[in-house]
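Fold and geometry: a report
What follows is the residue order along each chain.
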Amino acid sequence: MNALTEQSQWQLETIESGHDFTAVAGVFSDAAFVDYLHAQTAMVDYVEPNQEYHATVVIPRRSVITGQQEQQEDDQEQDEPEASWMPMPLPALKIALAPNWGLSRISHRSNSDLRSYGFRENAGEGIHAYVLDSGIHVSHRDFGGRAFHEVSFVSSEDDDDYGGHGTHVAGKIAGAKHGVAKGATVHAVKILDKSGTGTTSGLIKAISHVIQVAEPGKALINLSLSGPRSKILNEIIHEATHEHNIPVFVSAGNAGTDACYFSPSSSSDVFAVGATDMNDRVPSYSDVGRCVSMYAPGSGIESTWIGSDEATQFLDGTSMANPHVAGIAANLMSERTFANVDELYDALRNMGTRDALNFELTKKTSPNNNLIAYYGSEA
């Protein structure tokens, strides 16, 4: 049997990225697969199973808000008189009532005001965020025409988001109301189904696609998911970050343990983000440890949702924390040029609010980075 016949029988799929990365995915019978590997040892570096990865989200805290309810809340906010606690306008920042506490927390050094926040209306303009997730409800009004279906690697569904997770994440990155980078463009790269489940091969294909189409220095990847450690996943992330200057932001994970046990958070080439609550505590679900670069609001986070073009939803998880930081990164990338991803990562760490977090007693012994995401004009 020649190589072409074998490939047809096993339905092998080759995934290439640049000149130095080639992966082969397929389904094999155990015996035939082992025999094939023995015959191809000069070409195969290693083999790993096609593992599952899951969205890092916790049970919703609140029901979906419809467009009518949202309008009523907006009207109530508009009827409120200007509050005496509202800080003086920061240079180049517009001050407004925050639609969710997370936007407010990353705008202030201290946790004394969770109602107002500072933002730039076109922040992140010219930057493209590739959201590798369950898809995006691109017609949602919060995106204002800045959300697009890029590509899907989920064969059982069409391009739309049927789970809501990807829409929520994208809205926190770039929504005009709920987002951090209000001028950025989001691209739906669908790799998770409606249950929030994807595979290693889907992730590899998605990252390879972004490498092929994204403009280095003008694009970032958001991965709000977690799964078993994967050498091949970590290797293609290295390809994206260091060969193509595409920063990768990932959720730390919701296992409540060490983020270094999982991928993609175990990769030294990503910027992994853990979660905080309104009291600057790291929730029990958030992974911690040296692999977590920073923490950001993750509990009770409201963002865009599916079902209508005005729907929103409250969710918990490191999936919600990560897009806060991805949004800040998009803003910084639109403001200045970074020579490489490490320079951007260092800028985020240097901006972070230090030593304000409270960890559970069982997690205090971990080598934690006590940093909260920050994007404002305070020193």
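As the structure is a computational prediction, the values presented were derived from the model and not from experiment. (Residues numbered from 1 in each chain as written. Predicted model: local features only at pLDDT ≥ 70, side-chain atom pairs only at ≥ 80, totals over all residues. Heavy atoms only, no water.)

Another aspect to go through is the environment of Glu335. Mapped onto the secondary structure, Glu335 falls in helix H8 (residues 318-335). Taking relative accessible area as the criterion, Glu335 reaches 42% and is therefore assigned partly exposed. Between the C-alpha atom of Glu335 and that of Ala123, which follows or precedes it by 212 residues, the distance is 8.3 Å. There is a polar contact of 2.4 Å between the side chain of Glu335 and the side chain of Tyr375. (Helix = DSSP H or I, 4+ residues; strand = E, 2+ residues; numbered from the N terminus. Buried < 20%, exposed > 50% of the residue type's maximum accessible area, 1.4 Å probe, protein only. Polar contact = N/O pair within 3.5 Å; in protein donor to acceptor, adjacent residues only side chain to side chain.)

With that settled, the discussion passes to the state of the cysteines. Throughout the structure, instances matching the rule amount to one disulfide. The residue that forms a disulfide with Cys260 is Cys291, at a sulfur-sulfur distance of 2.0 Å. One quick way to see it: the torsion about the S-S bond of Cys260 and Cys291 is about 110 degrees, and its sign makes the bridge right-handed. Placement of Cys260 in the loop between strand S13 (248-251) and strand S14 (262-263) and of Cys291 in the loop between strand S15 (271-276) and strand S16 (294-297) is noted, with a sequence separation of 31 residues between them. As far as burial versus exposure is concerned, Cys260 and Cys291 are alike and both buried. (Disulfide = S-S within 2.5 Å.)

This brings us to the nonpolar core. Membership of the largest hydrophobic core comes to 81 residues, with the highest contact counts inside it found for Leu132, Val186, Ile207, Leu223, Phe249 and Leu348. Ranked by residue count, the leading element in this core is H8, at nine residues. In this structure Ile207 touches Leu132, Ile221, Leu223, Leu233, Ile236, Ile237 and Ala240, once residues within four positions along its chain are discounted. Core analysis: the next-biggest nonpolar cluster, separate from the first, contains eleven residues, Ala252, Val288, Phe359 and Ile372 among them. (Core = buried A, V, L, I, M, F, W, Y, C linked by side-chain atoms within 4.5 Å. Contact = heavy atoms within 4.5 Å.)

With respect to the element layout, Asn322 can be found in helix H8. Within the structure, Asn322 has its side chain in polar contact with the backbone oxygen of Phe249 (distance 3.1 Å). Dropping the residues within four chain positions of it, Asn322 is found in contact with Asn222, Leu223, Ser224, Phe249, Val250, Ser251, Phe271 and Val273.

Bringing the packing of helix H6 (residues 200-213) against helix H7 (residues 231-244) into the picture now. Look at H6 against H7: their axes get within 10 Å of each other, and the N-to-C directions meet at 10 degrees. With respect to H7, the element H6 is oriented roughly parallel. In this structure, H6 contributes Thr200, Leu203, Ile204, Ile207, Ser208 and Ile211 to the contact, and H7 contributes Ile232, Leu233, Ile236, Ile237, Glu239, Ala240 and His244. Partitioning the contact of H6 with H7 into residue classes produces nine nonpolar, three polar and one charged. (Axes fitted to C-alpha atoms, helices over the stretch in contact; angles between N-to-C directions. Parallel < 35°, antiparallel > 145°, perpendicular 65-115°, else oblique. Nonpolar A, V, L, I, M, F, W, Y, C, P; charged D, E, K, R; others polar.)

All right, on to the sheet that holds S14 then. One open sheet accounts for four strands, arranged S10-S3-S12-S14; its pairing is antiparallel. Each of the sheet's edge strands pairs with one partner strand only, and the pair in question is strand S10 (197-199) and S14. Summarising the sheet, strand S3 (residues 52-55) and S10 pair through three bridges and their orientation is antiparallel. Looking across to S10, one finds that His54 is bridged to Thr197. Lying on the sheet, H6 is in contact with S3, S10 and strand S12 (225-228); it crosses S10 at an angle near 75 degrees. (Pairing = 2+ DSSP bridges.)

In this section: H6. Its 14 residues place the ends of H6 20 Å apart at the C-alpha level, agreeing with the 20 Å of an ideal helix rising 1.5 Å per residue. When you tally the buried positions in H6, you get twelve out of 14 residues, the bulk of the element. (Expected span 1.5 Å × (residues − 1).)

Okay, the packing of H8 against helix H9 (residues 341-351) next. Put simply, H8 and H9 touch, their axes get as near as 11 Å, and they point 110 degrees apart. Regarding the angle of H8 to H9, the classification is roughly perpendicular. You can see that H8 and H9 cross each other, and the crossing is right-handed. Together, Val325, Ile328, Ala329, Leu332 and Met333 of H8 and Leu344, Ala347, Leu348 and Met351 of H9 make up the contact between the two elements. Class assignment for the residues of the contact of H8 with H9 results in nine nonpolar, no polar and no charged. (Left-handed = near helix turned anticlockwise from the far one by under 90°.)

All right, on to the packing of aromatic side chains then. Evaluation of the coordinates by the stated rule reveals six aromatic pairs. Considering the side-chain rings of Phe249 and Phe271, the 5.7 Å spacing of their centres and the 55 degrees angle between planes classify their relative orientation as tilted. You can see Phe249 sitting in strand S13 and its partner Phe271 sitting in strand S15, a full 22 residues away along the chain. Across this residue pair, the class does not change: Phe249 and Phe271 are buried. Look at Phe271 and Tyr345: their rings are 5.5 Å apart centre to centre, the planes differ by 50 degrees, and that puts the pair in the tilted class. Here Phe271 is found in strand S15, whereas its partner Tyr345 is found in helix H9, with 74 residues between them in sequence. Per residue, the accessibility class of Phe271 equals that of Tyr345, and both read buried. (Phe/Tyr/Trp six-rings, centres within 6.5 Å; stacked < 30°, edge-to-face > 60°.)

This paragraph deals with the confidence of the model for the protein chain. Taken as a whole, the protein chain shows an average pLDDT of 86; of its residues, 77% reach a score of 70 or greater. Confidence drops under pLDDT 50 across residues 1-8; counting only partners more than four residues distant or on other chains, this segment forms four contacts. (pLDDT = per-residue confidence, 0-100.)

By the burial criterion, the buried members of H9 are Val341, Leu344, Tyr345, Ala347, Leu348 and Met351. Projected down its long axis, H9 carries its buried residues within an arc of 155 degrees, all on one side. Each element contacted by the buried residues of H9 is listed here: H7, S13, S15, S16, H8 and strand S19 (353-354). Capping of H9 at its N-terminal end is provided by Asn340; its side-chain oxygen lies 3.2 Å from the backbone amide nitrogen of Asp342. (Arc of directions from axis to C-beta.)

This paragraph deals with unusual backbone geometry. Negative phi characterises most residues that are not glycine, and trans characterises most peptide bonds. Omega for the peptide link from Ser263 to Pro264 comes to 10 degrees, which places this bond in the cis form. With respect to the helices, strands and loops of the structure, Pro264 is situated in the loop between S14 and S15. Positioned with a positive phi, Asp280 is a non-glycine residue whose angle comes to about 60 degrees. When you line up the elements, Asp280 lands in the loop between S15 and S16.

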